[in-house]
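# Chains, contacts and geometry: an overview
Residues per chain are reported as follows:
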Amino acid sequence: AELAELDARVSVCRACPRLVDWRETVARAGRRASFADQPYWGRPGPSFGDPDADALIVGLAPAANGTNRTGRMFTGDASGDFLFAALHRTGYANQPTSAGAGDGLELTGIRIIASVRCAPPENTPTPAEKATCATWLGRDLDLLGDRLRVILTLGAIGWSGVLNATSTLGWDVPKPRPKFGHGAEATLHTPTGHPVRLVGCFHVSPHNTYTGRLTPEMLDAALAGLRN
Ligand code: DU
Ligand code: SF4
């Protein structure tokens, strides 16, 4: 119930003028021709998955014609096709595809969230936008409290987003700041001393998956490793 309330508050956030303009402009006018007959979400992307999960996947931001269209994280683009297939192979998802609301997809033991919740032009949020939205990530982490056990970040922006949010919350973050990489790991501690593993994984974007930089096997191993 608290999570639903938080998501409801995020869903009307207008704190970043450039991103509000982009998410709404794409939703109104800039739709891709193949999606022209579809309604667009055009708002911040709510987290998706098991509300009781102790594992979180933190992505970059909604894609303009992906989540910003479908309203579900990683849904409606090639990145999501790659991710949900892996979540299904590793037992976190009840089906390998995510078509959107009403398709029956459920995640168990994991929840997906974006470090920046609104679609940015060129998939590139500004430092100010990242800092502003880290507040929402922080609220979510705060709600999870010591239930959270592990965070998998897809890409360097998610990794930094988690470090920014947790530093602001007064978590104990290793110094020097751990650097992102595929397979990078760090342990953060909440203010009560509870350990949370932070795990880095290359992002599931076509840029990485079509080139073989991130293979299905690599992603499966990263996801399976979250159970350790
Ligand atoms: O309607 P709801 O229980 O608040 O769930 C919202 C959304 O989250 C639903 O479309 C499925 C997904 N979900 C999930 O993936 N795993 C769960 O255990 C519960 C909900
Ligand atoms: Fe609000 Fe985050 Fe969207 Fe900025 S990116 S408008 S902080 S939800």
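In case you missed it, the structure is sitting above this.
Residues numbered from 1 in each chain as written. Chains lettered and ligands numbered in written order. Predicted model: local features only at pLDDT ≥ 70, side-chain atom pairs only at ≥ 80, totals over all residues. Heavy atoms only, no water.

## Some remarks on the site of ligand 1
Taken together, the residues surrounding ligand 1 are Phe-48, Gly-49, Asp-50, Pro-51, Leu-105, Glu-106 and Leu-107. Within the backbone of Gly-49, a nitrogen or oxygen atom sits 3.3 Å from a nitrogen atom of ligand 1. Here ligand 1 has 440 Å² of accessible area as a free molecule, and 46% of this is covered by the chains. Grouping the amino acids of the shell around ligand 1 by side-chain chemistry returns 4 nonpolar, 1 polar and 2 charged. (Near = heavy atom within 4 Å. Polar contact = N/O pair within 3.5 Å; in protein donor to acceptor, adjacent residues only side chain to side chain. Areas by Shrake-Rupley, 256 points an atom, 1.4 Å probe, with all protein chains shown as cover. Nonpolar A, V, L, I, M, F, W, Y, C, P; charged D, E, K, R; others polar.)

## Quick notes on the site of ligand 2
The local shell around ligand 2 consists of Cys-13, Ala-15, Cys-16, Leu-19, Pro-44, Val-116, Arg-117, Cys-118, Thr-132, Cys-133 and Trp-136. Residue classes in the shell around ligand 2 are distributed as 9 nonpolar, 1 polar and 1 charged.

## Some words on the pattern of salt bridges
Per the stated rule, a full pass over the model turns up 10 salt bridges. One salt bridge connects Glu-24 with Arg-14, and the closest N-O pair in it is separated by 2.9 Å. With Glu-24 in helix 2 (residues 17-28) and Arg-14 in the loop between helix 1 (2-10) and helix 2, the pair connects residues that are 10 residues apart, well separated along the chain. Judged by relative accessible area, which is 22%, Glu-24 ranks as partly exposed. A salt bridge links Arg-72 to Asp-103; the nearest nitrogen and oxygen atoms lie 3.0 Å apart. Taken together, the residues span a long stretch of sequence, with Arg-72 in the loop between helix 3 (67-70) and helix 4 (78-89) and Asp-103 in the loop between helix 4 and strand 3 (111-114) at a distance of 31 residues. With respect to class, Arg-72 is no different from Asp-103; both count as buried. Here the residues in one salt-bridge network are Asp-7, Arg-111, Arg-117 and Asp-140, joined through shared partners. (Salt bridge = Lys/Arg side-chain N within 4 Å of Asp/Glu carboxyl O. Helix = DSSP H or I, 4+ residues; strand = E, 2+ residues; numbered from the N terminus. Buried < 20%, exposed > 50% of the residue type's maximum accessible area, 1.4 Å probe, protein only.)

## Description of the layout of surface pockets
It is the rolling of a water-molecule-sized probe over the atoms that shows where space remains empty. Roughly 430 Å³ of internal volume is contained in the largest pocket. If you trace the largest pocket, you find 24 residues lining it, with Ala-63, Ala-64, Asp-77, Ser-79 and Asn-123 closest to the centre. Of the residues contributing to the lining of the largest pocket, the split by class is 13 nonpolar, 8 polar and 3 charged. (1 Å grid on protein atoms, 1.4 Å probe; cavity = no way out; pocket = protein on both sides within 12 Å on 5 of 7 lines; lining within 4 Å. Points joined across faces, edges and corners; volume = space filled by probe spheres on them.)

## Regarding the nonpolar core
With 29 residues, the main nonpolar core has Leu-87 and Leu-223 as its most contacted residues. When contributions to this core are tallied by element, the ones reaching two or more residues are strand 2 (55-59), helix 4, strand 3, strand 4 (150-154), strand 6 (195-201) and helix 8 (216-225). Sort the elements by how many residues they give to this core and helix 4 lands first, with 5 residues. Filtering out sequence-adjacent residues up to four positions away, Leu-223 remains in contact with Ile-57, Ala-86, Leu-87, Thr-90, Tyr-92, Ile-110 and Leu-152. One finds Leu-56, Val-58, Ile-113 and Val-162 within the second-largest nonpolar core, a separate group that totals 19 residues. (Core = buried A, V, L, I, M, F, W, Y, C linked by side-chain atoms within 4.5 Å. Contact = heavy atoms within 4.5 Å.)

## Here's the deal with empty space enclosed by the protein
If you walk through the whole model with that rule in mind, you get 2 cavities of 30 Å³ or more. The calculated volume of the largest cavity comes to roughly 100 Å³. Contributing to the lining of the largest cavity are 15 residues, with Cys-13, Ala-15, Cys-16, Cys-118 and Cys-133 lying nearest its centre. For the lining of the largest cavity, the secondary structure elements donating two or more residues are helix 2 and helix 5 (127-144). Of the residues in the lining of the largest cavity, the class split is 11 nonpolar, 1 polar and 3 charged. The volume enclosed by the second largest cavity comes to roughly 40 Å³. Every residue along the wall of the second largest cavity is listed here: Ser-115, Val-116, Lys-130, Ala-134, Leu-137, Ile-157 and Gly-161. Of the residues belonging to the lining of the second largest cavity, the class tally is 4 nonpolar, 2 polar and 1 charged.

## A few points about the environment of Leu-152
Note on placement: Leu-152 falls in strand 4. The class for Leu-152 is buried, based on a relative accessible area of 0%. In the structure, Leu-152 is positioned 93 residues away from Gly-59 in sequence and 8.6 Å away in space, judged by C-alpha atoms. Beyond its immediate chain neighbours, meaning those up to four positions away, Leu-152 contacts Leu-56, Ile-57, Val-58, Val-199, Cys-201, Ala-222, Leu-223 and Leu-226.

## A few points about the sheet that holds strand 3
Backbone-to-backbone hydrogen bonds pair the strands of a sheet. The strands run either parallel or antiparallel. Strands sit in the order 1-3-2-4-6-5 across an open sheet of 6 strands; the sheet is mixed. Pairing within the sheet leaves two strands with one partner each, and these edge strands are strand 1 (48-49) and strand 5 (185-189). Taken together, the 5 bridges between strand 5 and strand 6 define a ladder with antiparallel strand orientation. Paired with His-189 across the strands is Pro-195, a residue of strand 6. In this fold helix 5 packs onto strand 2, strand 3 and strand 4, with an angle of close to 155° to the strand it touches most, strand 3. (Pairing = 2+ DSSP bridges. Axes fitted to C-alpha atoms, helices over the stretch in contact; angles between N-to-C directions.)

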